[in-house]
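# Understanding the architecture of this molecule
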Amino acid sequence: MRLLEPAQPEHPHLLMAPDELSTALDVADALNGELPHWHRGRPDHVPAEPGDEEFERELEMAKQAGASLPEESALADGHEE
């Protein structure tokens, strides 16, 4: 598998502008060698727990109100509010 990897450049530090290299090294030092959270494969936020039907109902009503759509119950009754 190692043979399939791209060849490493001989002088990788020469591929960056000096000020960009300095900034990259400062960031690497500040993060103790860890990648920033957006590069670690973890989301920035914790997704909401599924299954809260009351929350989902209120969310859908808020979406419809924001989009100026009639509520589902009004559509089911055959008239708009």
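Everything below is about the structure printed above this text.
Since this is a predicted model, take the numbers as computed values, not measurements. (Residues numbered from 1 in each chain as written. Predicted model: local features only at pLDDT ≥ 70, side-chain atom pairs only at ≥ 80, totals over all residues. Heavy atoms only, no water.)

### Considerations on the overall build of the chain
In terms of regular secondary structure, the chain is built from three helices and zero strands. Seen in sequence order, the chain has helices and strands lined up from the N terminus as α-α-α. Accessible surface, the chain as shown: approximately 7,800 Å² in total, 58% of it carbon and sulfur. (Helix = DSSP H or I, 4+ residues; strand = E, 2+ residues; numbered from the N terminus. Areas by Shrake-Rupley, 256 points an atom, 1.4 Å probe, with all protein chains shown as cover.)

### Here's the deal with helix H2 (residues 53-66)
Here H2 spans 20 Å end to end across 14 residues, near enough to the 20 Å set by a 1.5 Å rise per residue. Trailing H2 by a residue or two, Ser68 shows a phi angle of about 60°, which is positive. (Expected span 1.5 Å × (residues − 1).)

### Quick look at a negative patch on the surface
Judged by side-chain charge, Asp52, Glu53, Glu56, Glu58 and Glu60 come together as a negatively charged surface patch. Inspection of the secondary structure puts Glu53 in helix H2. Residue classification places Glu53 among the exposed positions, given a relative accessible area of 58%. (Patch = residues over 30% accessible without salt bridge, like charges linked within 9 Å, V, L, I, M, F, W, Y side chains within 5 Å. Salt bridge = Lys/Arg side-chain N within 4 Å of Asp/Glu carboxyl O. Lys, Arg positive; Asp, Glu negative; His and termini not counted. Charge placed at Lys NZ, Arg CZ, Asp CG, Glu CD. Buried < 20%, exposed > 50% of the residue type's maximum accessible area, 1.4 Å probe, protein only.)

### Some thoughts on the pattern of salt bridges
Using the criterion set out here, one finds one salt bridge in the structure. One salt bridge in this structure joins Glu54 and Arg57, with 2.9 Å as the shortest N-O distance. Residue Glu54 and its partner Arg57 are both found in helix H2; the two are separated by three residues, about one turn of the helix. Of the residues examined, Glu54 reaches a relative accessible area of 40% and is grouped as partly exposed.

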